[in-house]
Amino acid sequence: MFNLAAPTSTAPPCIPSLYTSYLSEYNVIAFSSLTVRSNVGYKTVTCGQFSSPSSTLGSELPQTFSPLEYSLEINGSTVSGNPINIQKGSVGVGPSPANRITKISNTQYKIDNNFMVNLNQGNGANVTVNQALPTKCASMISNLKDLSTTLSQLSPNNFVDFPTSQPGPVYLNVTNVDTYGVAVFNFSLSSIFSDKVQSITLIPTNSQVQLVVINVYGSAATWQQGSLNGNWFGSTYGIAHTIWNFYQATSLTFQVSMKGTVLAPSATLTVRSQMNGAVAANILNAEAAIFSPLAIFPNCTSVSTTTAGTSQSFLELSIFICILIRVGLSSTSIQPSSSSTSASISTGTTQVTSASTSPSTGTSITTEYTGPSTTGKKLFFKKQFEKPLLYFNRC
């Protein structure tokens, strides 16, 4: 579902894959700085500084992983350290500073004259400058911040009681999910990482659950006790379908093994016990290993009807329709009415059956989809526009 303004419908939003895809691709994402002192299973990217006193990266990547694909990307500067081992794939660095790569041999390179990189896969693996990395990083940071904000605004549909006077277990009982199979919890850092919490167990009572969103508010905490237990946190499926969204945090330390994707876009996060799941933070200090699984989000295979507020223009409506067409749905007709701001679009077996906006009724989109699955296509729509992006006659 794509909302053109604050929706008057109560239907939940479908989270655009543009926002979530990075957490399904990378094991570790750091916005400003990354320090790795252990192992990372899958791909790693830092959009800022990189430091590695000792690390092994890419140890869980499949045998089919191309030696020419980047498994480590460094957009910023590097800090002197011991050699790092890249088990599979290549290393990409940003264009600044210049002349930062020194080739020692076919499997050894030096970056910024600071540390050695051992490319253990061989077969053409290398260290190269990626001119597109600064742009990619800007997009990544923006989208992941938007994702955190979007998740934080989801209404909780499940609730939990925390021990207060006496220590005890905490049970996250998933009884309710929305139409996309998303269960949402919302509680504070001080409650979930309290010294009264002995263990945390998630119980998927509702068998339709596809994703568990745990929104945690508060600015700082050290997690020292309360291990994640039970079948959900003990399974690859459960870990891959759980996201912890620390949307307000500025300082976090995990001394207990975290399981599930962690999103902390404003935080300095220190990981001191093995973690399983993807992680994205502003500054990340990985003192312990970070392994798979990566995040899996529900597919958005349809666009539902929604009615929005009254401040949207026909230009924004046309942009929305153009986006639907440009992602791969071949348009055969575009018929804006001359007497009203509405349009009907035929796209083969996928139809935008009506689209209109007016000061009295606001903007509405109605779609009908009967064609092949759109899985894998990245659909997105920004709610606000500072300047025209697309026009009807430029679709």
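Use the structure listed above.
These notes cover the structure that comes with them. Since the model is a prediction, treat every value here as computed from it, not as a measurement.

1. A look at the packing of aromatic side chains
Part 1: On inspection of all chains with the given rule, the structure shows 10 aromatic pairs.
Part 2: When the centroid spacing of 6.3 Å and the interplanar angle of 70° are considered together, the rings of Phe193 and Phe254 count as edge-to-face. Residue Phe193 is found in the loop between α3 (189–192) and β16 (197–203), and its partner Phe254 is found in strand β21 (residues 251–254); the two are separated by 61 residues along the sequence.
Part 3: Given a relative accessible area of 9%, Phe193 falls into the buried group.

2. Description of helix α2 (residues 133–152)
Part 1: With 20 residues, α2 should reach 28 Å at 1.5 Å per residue; the first-to-last C-alpha distance of 28 Å fits that figure.
Part 2: Along α2, the positions that sit buried rather than exposed are Leu133, Cys137, Met140, Ile141, Asn143, Leu144, Leu147, Ser148 and Leu151.

3. Digging into the sheet that holds strand β19 (residues 227–229)
Part 1: As summarised here, the arrangement of the three strands in space is β14-β16-β19, forming an open sheet in which the pairing is parallel. Two strands bound the open sheet, and with one partner strand each, they are β14 (168–173) and β19. Strand-to-strand, the axes of this sheet are offset by a mean angle of 25°, without reference to chain direction.

4. Observations concerning the side chain of Ser148
Part 1: With respect to the helices and strands, Ser148 occurs in helix α2.
Part 2: Residue Ser148 is classed as buried on the basis of its relative accessible area, which comes to 3%.
Part 3: Excluding residues that lie within four positions of it along the chain, Ser148 makes contacts with Asn245, Tyr247, Leu263 and Pro265.

5. A closer look at the pattern of salt bridges
Part 1: Going through the model one piece at a time under the given rule, you end up with six salt bridges.
Part 2: A salt bridge links Glu69 to Lys43; the nearest nitrogen and oxygen atoms lie 3.3 Å apart. In this pair, Glu69 is assigned in the loop between β5 (55–57) and β6 (70–74) and Lys43 in strand β3 (residues 43–46), connecting sequence segments 26 residues apart.
Part 3: Assessed through its relative accessible area of 6%, Lys43 is described here as buried.
Part 4: Put simply, Arg100 and Asp112 hold a salt bridge, and the shortest N to O gap is 2.9 Å. With Arg100 in the loop between β9 (90–93) and β10 (101–105) and Asp112 in the loop between β11 (108–111) and β12 (115–119), the pair connects residues that are 12 residues apart, well separated along the chain. Here the two residues Arg100 and Asp112 agree in accessibility, since each one is buried.
Part 5: Several salt bridges share partner residues, and in doing so they unite Glu25, Lys43 and Glu69 into one network.

How each quantity is defined
Residues numbered from 1 in each chain as written. Predicted model: local features only at pLDDT ≥ 70, side-chain atom pairs only at ≥ 80, totals over all residues. Heavy atoms only, no water. Phe/Tyr/Trp six-rings, centres within 6.5 Å; stacked < 30°, edge-to-face > 60°. Helix = DSSP H or I, 4+ residues; strand = E, 2+ residues; numbered from the N terminus. Buried < 20%, exposed > 50% of the residue type's maximum accessible area, 1.4 Å probe, protein only. Expected span 1.5 Å × (residues − 1). Pairing = 2+ DSSP bridges. Axes fitted to C-alpha atoms, helices over the stretch in contact; angles between N-to-C directions. Contact = heavy atoms within 4.5 Å. Salt bridge = Lys/Arg side-chain N within 4 Å of Asp/Glu carboxyl O.

Note that every value here comes from positions in space, so none of it alone points to a role or purpose.
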